[in-house]
Amino acid sequence: MSTATQITLQLTGLSCASCVGRAERALASVDGVVSASVNLATASAQVEGTADLTLVDMTHALSKAGYPAEEAQAVLQIDDLSCASCVGRAERALLAVPGVLSANVNLTSQSAQVTYLTGVTRAGDLAQAVTAVGYPARTNEGKADEQVQTDQRRDAEIRRLGRQVLLAGVLTLPVFLIEMGGHLIPALHHWVLTNIGMQNSYLLQFVLTTAVLAGPGRAFYTKGFPALLRGAPDMNALVAIGTAAAYGFSLVSTFVPELLPVGTANVYYEAAAVIVVLILLGRWLEARAKGRTGAAIRKLVGLQAQTALVVTDGEVIDTLIEHIVVGDLIRSRPGERIAVDGNVVSGSSYVDESMITGEPVPVSKFVGELVTGGTVNGNGSLEYHATRVGNDTMLAQIIRMVEQAQGAKLPVQGMVDRITLWFVPAVMAVAALTILTWLVFGPDPALSFALVAGVSVLIIACPCAMGLATPTSIMVGTGRAAEMGVLFRKGDALQQLQDVKLVALDKTGTLTEGRPTLTGFTTATGFSRAELLPMIAAAEVHSEHPIAHAIVEAAGEDLPKADSVEAIPGYGLRAKVDGQELLIGADRLMAREGIETGVLAETGAELAKRGDTPLYAAVDGQIAAVITVADPVKSGTRAAISAFHDQGLKVAMITGDNAVTAKTIAADLGIDVVKAECLPANKVEALNALQFEHGPLAFVGDGINDAPALATAEVGVAIGTGTDVAIEAADVVLMSGDLRGVVNALTISRATMRNIHQNLTWAFGYNVLLIPVAAGGLYPFGGPLLSPALAAGAMALSSVFVLSNALRLRRLKPSLNETDATQEIGLATSPAE
């Protein structure tokens, strides 16, 4: 019988004893579960099962039952990652930890993003697991401190590699001049023989090369050979084996040449030393380039204020940002950054919010207005209560989104992972076969030829370039996107967005300003505007819908009290006002309730032809009025739709408006397809129909009722000025409310994926073409036998090429500027910079 295992899970969605029973039955239905006990008070489950019980089955059962296991995310900083093979091993170590659901290790940022089940494991356990397989890891604490520490570590690493390159280069230069210079310049060869002597030159090369390998090159052996012994060779192992082979052969040729066949006692010290110099040089250049790929995150972190003036009992205290709590009263002086998100309680000013919205025009702030941490106060003084602090601020959420996007693993990376898993062992096998082939079929001195070809194969292979090809492009592309005000919340969206054939748009708040105004109020016989408008407004004051705001604003402040207000999703609302039952909503609500709209239906239809939206009101089951509101189209909407068409995309509008209004607006804007009178659930059906007809699509929306559609579409794009629910359901978030950001998101997606494909083509093409050359494939046809030193140089340059190509994305320009000024989110344009 299998050994029993105990697992603790934190659950979500538990609200009563019935929930407990359903969660327990869901767990009990999983194969391998012996018993399951759910505690409502602690929202936890204690599960006893057999040793083969899997967390995947349990979490799936809980999710299906509606009580998903609580997940947490940890970010680990990992040292000593040098190639794609290291990434694979670190990920496997993380995935082997009980409770880990996913792990993405990023070679470029030397970090891992891990999703795990709360209660099963801890972030500290994850760090220990990666450390145990040879890659020291630590969890991140404070975001600002973490960024400072990361920058310091990166700078220290660059300096360390620079010193190693310099030292190795100084030691290697005499070796290279003596050996290679002698081959190229006969006079130098004769001078060495006359003044130093052949054996003494060998001894000098031995001393200098030993210093190079034992000093700057030591890390290749201390990391490479242990990895080889674990049966998990990496790039360090290839370098270690190659240089050790060249160095070992040279040792024999120097001290016991009689052990070698006659004519084969040659030295290859210069190959071993030059390989170390060139690969260290390549890593130094890589480290410098990697630092530039994370520039967007560092700029975002730089927007965070470090201190703020907190007002306590009339006393103003300069307080560290980490010590501010919700409810603190904060004073912002002219020109200062707003410290945290808050609500203005006194003062007025203009605030530069370009880092959030992309709009360079400062926004007026007065009592009751919201301010956002990281934005810049203008020429007035403000006092505000902190409403969101720490990791809850909008800026912190933006940083988190960018980090998650930068750490994402796109579907295209799956093929790379499968290849790199076997790449290094395959290279070692090819090198062994190369040596054997040269020994059997090669001309004299066959041993020398075999050594040169085998070492060249080991050195020229470059899993580093393969591992860097995708993540570097993602890091730079998503960072540049953030500077344009486009946040990729989910990595898949970066790849999927390039494939969309149609862009589906919600109307209110997406195509339009979302701030409609009352344009008409026609009453039925027996009713008056003065009587009805306050009643309708009294009910609508409980609604968050933009149309409701327009009605309330038109009615003024003296409103009666509404009771029993009930929202009817997709239709309208029901309420009791002054003892009368009031229904307000679209014509479909009246039809559903069996209320005849009569002549008001004709009035509503006529007004809808102008593009106004008609709503109907009924009192005690009798039609009372038709109300029309108009919502102005956003300034950038026409340009965005035109740009979609220029890119070969179809444009659809999905709206709850009646068909006449929707078609009028669509015809005016040049929209191709209209889906009108859609309830929230119908939006999903409409999307499915559009997907079936047109192929992959992106849906753009901003409201709570858009969340299902945002989650259903291949790519959901949320307007950043919309609701938190919509943003959470989306794959891409536009920090401004302008549709032109969608055009830029498409541009970024296509440019980044094109860049990734270029990198992968180079990385794979490089190996496919040059490994046979390194093995001596051209030699039988009169071609050259590649020197190991040249192989090392080519290998180093391949990684630098990939990084340099990815960095080109930093120069990507917006397809459409949202204003005459730059569309960027203020990373370098704020007045305080």
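Residue numbers here run from 1 along each chain, matching the order of that chain's written sequence. Local features in this predicted model are restricted to residues of pLDDT 70 or higher, and side-chain atom pairs are both shown and tallied only at a pLDDT of 80 or more, whereas totals for entire chains, interfaces and linings draw on every residue. Computation of side-chain values covers all heavy atoms of the structure but excludes hydrogens and water.

Here the focus is the nonpolar core. We define the nonpolar core as a collection of buried residues of types Ala, Val, Leu, Ile, Met, Phe, Trp, Tyr and Cys that are connected through side-chain atoms lying within 4.5 Å of one another. Relative accessibility under 20% of the residue-type maximum defines a buried residue, over 50% an exposed one, and the middle range a partly exposed one, all with a 1.4 Å probe and only protein chains included. Grouped together as the largest cluster of nonpolar side chains are 132 residues, with contacts concentrated most on Leu76, Ile78, Leu94, Leu126, Phe488 and Phe644. It is helix H28 (residues 740-774) that provides the largest number of residues to this core, a total of 14 residues. Any two residues having at least one pair of non-hydrogen atoms within 4.5 Å are treated as being in contact. With residues up to four places along the chain from it excluded, the contact list for phenylalanine 644 reads Val503, Leu649, Val651, Leu739, Val742, Val743 and Leu746. Judged by nonpolar contacts, the second largest core, of 38 residues, contains Leu532, Ala538, Ala575 and Ile627. Here a helix means four or more residues in a row that DSSP labels H or I, a strand means two or more in a row labelled E, and each is numbered from the N terminus.

We now examine the sheet that holds strand E12 (residues 349-352). Paired strands, in this sense, are two strands between which DSSP finds at least two bridges. Across the sheet, 3 strands lie side by side as E13-E12-E15; this open sheet has antiparallel pairing. Edge positions in the sheet fall to strand E13 (363-365) and strand E15 (376-377), since each has one partner strand and no second. In terms of strand pairing, E12 meets E13 through 3 bridges, oriented antiparallel. Directly across from serine 349, in E13, lies its bridge partner lysine 365.

This part takes up the side chain of serine 250. With respect to the helices and strands, the residue serine 250 is situated in helix H9 (residues 235-255). Residue serine 250 is classed as buried on the basis of its relative accessible area of 0%. Every residue in contact with serine 250, bar those within four places of it in the chain, is listed here: Asn266, Val267, Tyr268 and Tyr269.

What follows deals with the confidence of the model for the protein. For the protein, mean pLDDT is 80; residues scoring 70 or higher make up 85% of the total. Scored between 0 and 100, pLDDT is the confidence that the predictor attaches to each residue. Across residues 142-146, confidence stays below pLDDT 50; counting only partners more than four residues off in sequence or on other chains, it has 8 contacts. Every residue in residues 819-833 is under pLDDT 50, and counting partners more than four places away or in other chains gives 47 contacts.

Buried within helix H22 (residues 599-608) are the following residues: Leu600, Gly604, Leu607 and Ala608. Buried residues of H22, seen end-on, are gathered within an arc of 100 degrees and therefore sit on one face of the element. Every exposed residue of H22 that faces more than 90 degrees away from the buried side is listed here: Val599, Glu602 and Glu606. Among the structural elements, strand E19 (517-523), strand E23 (613-619), strand E24 (622-630) and helix H24 (659-669) are those in contact with the buried residues of H22. To be clear, the arc concerns the directions from the helix axis to the C-beta atoms.

Our focus in this paragraph is empty space enclosed by the protein. Here a cavity denotes grid points, spaced 1 Å and computed from the protein atoms alone, that fit a 1.4 Å probe unable to get out, and a pocket denotes an open set having protein on both sides within 12 Å along at least 5 of 7 lines; residues with an atom within 4 Å of a point are the lining. Grid points are joined across faces, edges and corners, and a volume is the space filled by probe spheres set on the points. Across all of its chains, the model carries 2 cavities of 30 Å³ or more by this definition. Taken together, Lys507, Thr508, Pro516, Ile547, Thr613, Val629 and Asp631 make up the full set of residues lining the second largest cavity.

This part is about unusual backbone geometry. For aspartate 80, which is not a glycine, the phi torsion comes out positive at approximately 70 degrees. Residue placement: aspartate 80 occurs in the loop between strand E4 (71-78) and helix H3 (84-95). According to the relative accessible area criterion, aspartate 80 is partly exposed, its value standing at 32%.

Axis definition: a line fitted to C-alpha atoms, over the contacting stretch in the case of helices. Angles run 0 to 180 degrees between N-to-C directions. Running from amino to carboxyl end, helix H23 (residues 637-646) crosses H28 at an angle of 30 degrees, the nearest separation of the two axes being 8 Å. With respect to their mutual orientation, H23 and H28 come out roughly parallel. Contacts from Ala639, Ala640, Ala643 and Phe644 in H23 reach Arg740, Val742, Val743 and Leu746 in H28. For the contact of H23 with H28, the class distribution of residues is 7 nonpolar, no polar and 1 charged. Any angle that is under 35 degrees is reported as roughly parallel, and any over 145 degrees as roughly antiparallel; angles of 65 to 115 degrees are reported as roughly perpendicular and all others as oblique. Note on residue classes: Ala, Val, Leu, Ile, Met, Phe, Trp, Tyr, Cys and Pro are nonpolar, Asp, Glu, Lys and Arg are charged, and everything else, Gly too, is polar.

This part takes up the UniProt feature "transmembrane region" (unreviewed entry) in the protein. Here, the residues flagged by UniProt with the feature "transmembrane region" (unreviewed entry) are residues 161-182, 202-221, 233-255, 267-285, 419-441, 447-470, 760-779 and 785-807. Summarising residues 267-285: 89% helix, 0% strand, and an end-to-end C-alpha distance of 30 Å. UniProt positions are given in the numbering used here, feature names are shortened, and annotations may be inferred rather than shown by experiment.

For E23, the tally of buried residues reaches 7 of 7 residues, placing the bulk of the element in the interior. Alignment of strand E22 (residues 580-585) against E23, held across 4 bridges, turns out to be antiparallel. The partner of leucine 583 across the bridge, within E23, is alanine 618. Pairing analysis gives 7 bridges linking E23 to E24, with the strands arranged antiparallel. By the bridge assignment, valine 619 is partnered in E24 with glutamine 622. In this antiparallel pair of consecutive strands, E23 and E24, the connection spans 2 residues, and aspartate 620 shows a positive phi of 50 degrees.

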